[in-house]
Amino acid sequence: LVDELKNILHEGIAKEERKINQEHKVACIDNDIKGNEPYFINAGGLKGGANRRALMGLLPYAEAWSGKKLTPNNAYGLRVYRNTSNLHMHVDKSNTHVVSIILHVDHDNDEGSEPWPIVIESFDGNTAEVALESGDMLFYESSKCMHGRPRKFKGRFYSSLFIHYYPADWEGDDIVLDTHYRIPPTWNENTHVSNQVEHIKVIETAMTEPTCKDTWCAMNKGTLKFSGPVEVGTYTDASGTHELDMNWEIKTARRNAPSPVPLTDDINHLNVDERLMDIHMDTMSSRNRALSETHTL
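Below you will find a few notes about this structure. (Residues numbered from 1 in each chain as written. Predicted model: local features only at pLDDT ≥ 70, side-chain atom pairs only at ≥ 80, totals over all residues. Heavy atoms only, no water.)

1. Things to note about helix α3 (residues 59-66)
(1) Moving on: For α3, the full list of buried residues reads Leu59, Ala62, Glu63 and Ala64.
(2) Moving on: Of the residues trailing α3, glycine 67 is marked for its positive phi of about 70 degrees. (Buried < 20%, exposed > 50% of the residue type's maximum accessible area, 1.4 Å probe, protein only. Helix = DSSP H or I, 4+ residues; strand = E, 2+ residues; numbered from the N terminus.)

2. A few points about the pairing of strand β4 (residues 85-90)
(1) Moving on: A large share of β4 lies buried, amounting to six of its six residues.
(2) Moving on: Direction of pairing for strand β1 (residues 29-31) relative to β4: antiparallel, over a ladder of three bridges. Of the residues in β4, the one forming a bridge with aspartate 30 is asparagine 86.
(3) Moving on: Here β4 pairs with strand β9 (residues 147-149) via two bridges, running antiparallel. Each bridged residue has a counterpart across the sheet, and for leucine 87 the counterpart in β9 is arginine 149.
(4) Moving on: Note: β4 against strand β12 (residues 206-208), two bridges, orientation antiparallel. Looking at the pairing, histidine 90 lines up with alanine 206 of β12. (Pairing = 2+ DSSP bridges.)

3. A look at helix α2 (residues 50-57)
(1) Moving on: What α2 keeps buried is the set Ala50, Asn51, Ala54 and Leu55. With its buried residues spanning 140 degrees around the axis, α2 presents them on a single face.
(2) Moving on: Contacts from the buried residues of α2 go to α1 (2-14), α3, β3 (70-81) and β10 (158-167). (Arc of directions from axis to C-beta. Contact = heavy atoms within 4.5 Å.)

4. Brief notes about the nonpolar core
(1) Moving on: Formed by 27 residues in total, the largest nonpolar core has its most connected members in Leu5, Leu9, Ile41, Leu78, Leu161, Ile163 and Tyr165.
(2) Moving on: When residues of this core are traced back to their parent elements, those giving at least two are α1, α2, α3, β3, β5 (99-107) and β10.
(3) Moving on: If near-sequence neighbours (up to four positions away) are discounted, isoleucine 163 is found in contact with Ala54, Leu55, Leu58, Asn74, Ala75, Val99, Ser100, Ile101 and Leu103.
(4) Moving on: Core analysis: the second largest hydrophobic core is formed by 18 residues, Trp116, Tyr140, Cys145 and Ala206 among them. (Core = buried A, V, L, I, M, F, W, Y, C linked by side-chain atoms within 4.5 Å.)

5. Some words on a nonpolar patch on the surface
(1) Moving on: A contiguous nonpolar patch, built from Ile183, Trp187, Ile200, Val202 and Met207 and spanning about 440 Å² of accessible area, is present on the exposed surface.
(2) Moving on: For methionine 207, the position within the fold is in strand β12.
(3) Moving on: Exposure remark for methionine 207: the relative accessible area of 30% places this residue in the partly exposed category. (Patch = residues over 30% accessible without salt bridge, like charges linked within 9 Å, V, L, I, M, F, W, Y side chains within 5 Å. Areas by Shrake-Rupley, 256 points an atom, 1.4 Å probe, with all protein chains shown as cover. Salt bridge = Lys/Arg side-chain N within 4 Å of Asp/Glu carboxyl O.)

This is how it looks when you write it as structure tokens:
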């Protein structure tokens, strides 16, 4: 799949598809050179296309990493960033972009090119920089963790595929509506400026800290740095390298199976409320169904 995506990318670059597929203005993306905005190379989002096969083919890996049954939402790209691009820190849509993957396709290694890490604010309060090579995948919760590429890209091209899922039991529309009503309409009218914290500039759903180098102050205070590759079947995070357990669903089903209710031959002689007996029998029946489903998986 990665080889196919690389071929699509390089054929698109050779055909100068940027002339016809230049991306519309995205508020969280900047570029110092006019006309050098990112462009798209179509990798096929319909059935049989590379994007669609990536969305469905990587679903088991996203489920294993998150430990949740997921619903595929979309895979879009290939977005091709060009020299002097930067992506402001932001979060994604909370109704659909819950568990996400960046599949890095390729970038140039021309003289003068530099690594262009994605920056993520993690749940433990640390700021991480992750440098990806072709074929590397980054798993992250993109609607919760602030992420972006605030440092200016130095190179000719940098391209990835972006893949998004949400939990099968996710009530995304309700969450969006709840968020909407929690934010007061005057949220952006506060003109108080404090000298104790860095100034933040809000651009739609993105943020920058324009007084700091690379427009994100945490990058100048020490970051955790990660780079691939890792061994097949494993993933690396701040706590170390871990096995990606593809049998997580079977183990979860066994762990969640109800405990057996003890029944003896003379239970009918006990002074037990009949309603309680019905609950016990229902529990036993549920356990048997759960065990049957476990063996079926």
